[in-house]
Amino acid sequence: MAETDGKNGAPASTGTPAASNGGNGKGKITALLEGGKIVRARAAEELKALKQPEKTDLWKSVLRVKHDETPRSRALGVLSNVFLHLHPAKINRDAVAYNYTWGMGGMTFYVYITLVFTGTLLMFYYHPSKVVAFRDILYLEHDVPFGKLLRNMHRWGAHLMVIMVELHMFRVFLTGSYKPPRQFNWVVGVLLLVLTLLLSFTGYLLPDDQLGFWAVTVGTNMARATPLLGHDGPFGHILGMTPFNDVRFGLLGGSIVDANALLRAYIWHCVAIPIIASTFMVVHFWRVRKDGGISGPAPVMLESEIKGPRKI
Ligand code: HEM
């Protein structure tokens, strides 16, 4: 106590202020009591703020709009949030109903994200080389903790994505959502379907097992018969196609399914196609928004909302 007093300019003393310093001590006590009052008042202020946290600056800087149920606040809540503003402020409830969309587009996207995640983890254990590729798969299956789960999540996810994208396309067809103004998005969708199939196909070779090897042998043999670009295809000879310069050769990086084919499949599968597919998905979602949201049935109107004919 005595040292604190010294700091404030008053001489530091050893005993209690009242006992050692007479009148001067009284002044100090009054000052201390005053100080106490101020601290108590501030504490009361802060306590008030705690009881109404929505009045604090901290609260207002995180939640910038009112959270009541009025249409204005709800729209503002969406528009002023960095993540939510990607969505429209208002949507037609009937258009997003599961029994209309089957949720297939959204679920396809969700599975795609899962595939990117598990695929990235698989890349930590896999080398795209003829010598070790299959050994890496055995190592993953039998020694890596949760390796089997990881590999199967990726493999089954890939099958699921193909099924889902087809169901999604089927739903779009059934609901006639390919018609104007959504015809452009249908075309983007077709490209996404092709990219999904290409992802599956290129991934098939990567384990370098018999199944993948022969699947890719058969698949790339079909490329030989491509019109103009394949050496076995119609008009291929016009462009001078041979087994050593045609489209199949380009796909395999050689004339047989071997080390170069494995490396090419790896780069297409892990880098090029995911980048192209992700870009098209962004365009696809942007188009859904620009074409007036999901097509959907007309919103149900209450009788009270229907306006009668205008009286002239
Ligand atoms: C990777 C593949 C795909 C993803 C992630 C995807 C995602 C989506 C999502 C989330 C929607 C919003 C409505 C809904 O969920 O049903 C949608 C709508 C749409 N998609 Fe896809 N889609 C894909 C492939 C396709 C394919 C293959 C087609 C057709 C060839 C297609 C055509 C359309 C069309 C026309 C719409 C608008 C439908 C409407 O407004 O009702 N999409 N897509």
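Residues numbered from 1 in each chain as written. Predicted model: local features only at pLDDT ≥ 70, side-chain atom pairs only at ≥ 80, totals over all residues.

Within the chain one finds 12 helices and 0 strands. By the compact-globule yardstick of 20 Å for 312 residues, the chain is too spread out, its C-alpha radius of gyration being 35 Å. Overall size of the chain, expressed as C-alpha extent along the three principal axes, is 115 × 80 × 35 Å. A total of 312 residues make up the chain; the buried ones form 17% of that total. (Helix = DSSP H or I, 4+ residues; strand = E, 2+ residues; numbered from the N terminus. Rg over C-alpha atoms; globule rule 2.2 N^0.38 Å. Buried ≥ 20, exposed ≤ 12 C-beta atoms within 10 Å, placed from the backbone.)

Here we take up helix α12 (residues 259-290). With 32 residues, α12 extends 45 Å between its outermost C-alpha atoms, agreeing within 8% with the 46 Å of an ideal straight helix rising 1.5 Å per residue. For α12, the principal kink sits at W268 and spans about 40 degrees. Residues of α12 that are buried: A261, L262, A265, Y266, H269, C270 and A277. At its buried positions, α12 is contacted by α6 (104-123), α7 (133-142), α9 (183-205), α10 (210-224) and α11 (247-252). Taken from the residues just after α12, G292 is the one with a positive phi, measuring 95 degrees. (Expected span 1.5 Å × (residues − 1). Bend = angle between axes of the 7 residues up to and from the residue. Contact = placed C-beta atoms within 7 Å.)

So, on to the site of the ligand. The ligand sits among 27 residues. The nearest are G105, S177, G189, L193 and S295. Among the elements that make up the shell around the ligand, the one with the highest residue count is α9 (7 residues). Broken down by class, the residue content of the shell around the ligand amounts to 14 nonpolar, 12 polar and 1 charged. (Near = placed C-beta within 6 Å. Nonpolar A, V, L, I, M, F, W, Y, C, P; charged D, E, K, R; others polar.)

Below, the discussion takes up the environment of V247. Take V247: it is sitting in helix α11. You can call V247 partly exposed: it has 19 C-beta atoms within 10 Å. Here the alpha-carbon distance between V247 and R171, two residues 76 residues apart in the chain, equals 34 Å. With near-sequence residues (within four places) excluded, V247 lies in contact with A223, T226, L229 and G230.

Compared with the 40 Å implied by 1.5 Å per residue over 28 residues, the 40 Å span of helix α8 (residues 147-174) between its first and last C-alpha is a close match. Those residues of α8 that fall on the buried side of the exposure criterion are L150, R151, M161, M164, V165, H168 and V172.

What follows covers the confidence of the model for the chain. Per-residue pLDDT for the chain averages 89, and the proportion of residues at 70 or more is 91%. Predicted confidence for residues 1-20 stays below pLDDT 50, and this span has 19 contacts to residues more than four positions away or in other chains. (pLDDT = per-residue confidence, 0-100.)

For the chain, the assigned domains read domain 1 (2-51), domain 2 (55-86) and domain 3 (99-290). Domain 1 and domain 3 are separated by 76 Å when their C-alpha centres are compared. (Domains from an automatic or database assignment.)

With that out of the way, let us pick up the nonpolar core. Core analysis: the largest hydrophobic core is formed by 16 residues, its most contacted members being L205, A261, L262 and A265. Those elements that place two or more of their residues in this core are α7, α9 and α12. Dropping the residues within four chain positions of it, A261 is found in contact with L205, V216, L252, G253 and G254. In this structure, V111, L192, L199 and A277 belong to the second largest nonpolar core, which totals 9 residues. (Core = buried A, V, L, I, M, F, W, Y, C linked by C-beta atoms within 7 Å.)

Here we take up the packing of α8 against α9. Packing of α8 against α9 leaves a shortest axis separation of 10 Å and a crossing angle of 165 degrees. Considered as vectors, α8 and α9 are oriented roughly antiparallel to each other. Helix-helix and strand crossings are classified by hand; for α8 and α9 the assignment is left-handed. Contact residues: A158, M161, V162, V165, M169 and V172 in α8; G189, L192, L193, T196, L197, S200 and G203 in α9. The residue inventory of the contact of α8 with α9, partitioned by class, reads 9 nonpolar, 4 polar and no charged. (Axes fitted to C-alpha atoms, helices over the stretch in contact; angles between N-to-C directions. Parallel < 35°, antiparallel > 145°, perpendicular 65-115°, else oblique. Left-handed = near helix turned anticlockwise from the far one by under 90°.)

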